[in-house]
Amino acid sequence: MNYVRTAMLLAGLTALFMGVGYLIGGASGAMIALVIAAATNLFTYWNSDRMVLSMYGAHEVDRSTAPELVGLVAELAGRAGLPMPRVFLMDEMQPNAFATGRNPENAAVAVTTGLVHQLSREELAGVIAHELAHIKHHDTLLMTVTATIAGAISMLAQFGMFFGGHRENNSGPGIVGSILLMILAPLGAMLVQMAISRTREYAADNLGARIVGQPMWLASALVKIEGAAHQVPNYEAERNPATAHMFIINPLSGHGVDNLFATHPSTQNRIAALQQLAAELGTRSAPSVGANENYPPRGPWGRSSSRRPSRGPWG
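Along each chain, residue indices are assigned from 1 in the same order as the chain's sequence is written. Owing to the predicted nature of the model, reporting of local features is limited to residues with pLDDT of at least 70; listing and counting of side-chain atom pairs is limited to 80 or more, with chain, interface and lining totals taken over all residues. Hydrogens are left out, water is left out, and the side-chain values use all remaining heavy atoms of the structure.

1. Overview of helix H2 (residues 67-80)
Argument step 1. Put simply, DSSP H or I for four residues or longer makes a helix, DSSP E for two residues or longer makes a strand, and each gets a number counted from the N terminus. Residue count minus one, scaled by 1.5 Å, sets the expected span of a helix. Taking 1.5 Å per residue, 14 residues should reach 20 Å; H2 reaches 20 Å between its end C-alpha atoms and fits that length.
Argument step 2. Along H2, the positions that sit buried rather than exposed are Leu-69, Val-70, Gly-71, Leu-72, Val-73, Leu-76, Ala-77 and Ala-80.
Argument step 3. Backbone geometry just downstream of H2 places Gly-81 in the positive-phi region, at approximately 70°. Three exposure classes are used, based on accessible area relative to the maximum for each residue type with a 1.4 Å probe and protein chains only: buried under 20%, partly exposed in between, and exposed over 50%.

2. Brief notes about the packing of H2 against helix H4 (residues 121-136)
Argument step 1. Where H2 contacts H4, the axes come no closer than 10 Å and their chain directions differ by 50°. One way to sum up the angle between H2 and H4 is to call them oblique. For the pair H2 and H4, the crossing hand works out as right-handed. Between H2 and H4, the contacting residues are Leu-69, Leu-72, Val-73, Leu-76, Ala-77 and Ala-80 on the first element and Arg-121, Leu-124, Ala-125, Ile-128, Ala-129, Leu-132 and Lys-136 on the second.
Argument step 2. Note on residue categories: nonpolar means Ala, Val, Leu, Ile, Met, Phe, Trp, Tyr, Cys or Pro, charged means Asp, Glu, Lys or Arg, and polar means any other residue, Gly included. A class-by-class count of the residues in the contact of H2 with H4 yields 11 nonpolar, no polar and two charged. For helices, the fitted line uses only the C-alpha atoms of the stretch in contact; every axis is such a line through C-alpha atoms, and the angle between N-to-C directions lies from 0 to 180 degrees. The cut-offs work like this: below 35 degrees is roughly parallel, past 145 is roughly antiparallel, 65 to 115 is roughly perpendicular, and the gaps in between are oblique. For any pair of crossing helices, the crossing counts as left-handed if the nearer helix is rotated counterclockwise from the farther one by less than a right angle, and right-handed if it is rotated clockwise. In what follows, a contact means two residues having at least one pair of non-hydrogen atoms within 4.5 Å.

3. Quick notes on the pairing of strand S3 (residues 97-101)
Argument step 1. Burial within S3 is extensive, with five of its five residues counted as buried.
Argument step 2. Residues Ala-97, Ala-99 and Gly-101 line one face of S3 and the alternating positions Phe-98 and Thr-100 line the opposite face, and both faces are buried.
Argument step 3. Following DSSP output, two strands are said to pair if at least two bridges run between them. Pairing analysis gives five bridges linking S3 to strand S4 (residues 107-112), with the strands arranged antiparallel. Across the sheet, Gly-101 pairs through a bridge with Ala-107, a residue of S4.

Listed below in C-alpha cells is the structure:
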C-alpha cells in the first residue's frame, strides 16, 4: 500500500504540474511540464535525499565522531529489523529531526544539535525510533519526492506570474489568472502533502513507540520539540517550507503565512494516541535503552547537564 500511495501522490502532483504548464503555455506548455515532471521524478528518486541533506547543511557522523549517537541509532535499527542507516547532524539550535532515502537500504537519519542538547537520552531514543519507523514504512521516499515536486510547482507558478501576467491574448493566464495561479498551485501541492501527513505521522509514532518500548519517551520529546519550534526559528526551513512535512514536528516558527496550513497533526492528539498505546502496552516506565543504572534523568550521553560541553557531546 505504501508503494501504491506513493504512485498516487506522484501522479497527483504531476497532474498539478501539467495543469500549471497548460495554464501558462497551453497544450505545448502541458507537454513541457510533463517532460519536466518526469525528469524531476527520476532525478528526485535517486538524488532527493542528498539534496535535502545538503540544503540543511547536514554532515555525516560515524562511531569515531559521534559514538554514542551512532550507537543509539544502531541499537534501535537492530530492534526495528532495519539495516543501519547513515547518521547526519545538522548545526541547528531548534530541536528537530527527519529521515530520508529512497529505501531502507539507502536511508539516513538527520538530527539537529539542538535535539541532542535539549532532550534526554530516552527522549532522543523515542525520536530516532519514530524516524526509523518512517524508514520501515518506506515513507522517506514519499517525503523527499513530495518536498521536491511541491517546491518545483511553487517555482513554476511564480514563473507563470512573470511569463503570463503581462500577456493580453488568450494564450496566457492573464494578470488575474497569474495571481490566482501563483496562490492556488502551491496551495494545491500543500494540500496533497497534508492529505497523507496525519496518517503517516500517527503510524510512525505508533511503530516508533513499539520499537523503543516506551511510548511516553516519544510523547515527552514531542512536547519539548513543539515548544521549542515556536521559540527557536529554523531559518533554512522558513526558506524552504515545502520540506517542513519531513520533520518530526513542523519546524516553521509560525511567523510566516506558510503556517496557516499545518503539515502535521496536532501534537496534543499525537500525545493522546501515545498515552493510549502506553496504557494498552502497560508501560508506565522502562529502563533506558543501552544506558547503565547510573544514567542521569537529564543531559544526554550519560553526562550530567552541568558538565555538558558547549560544542556538543560528540566533541
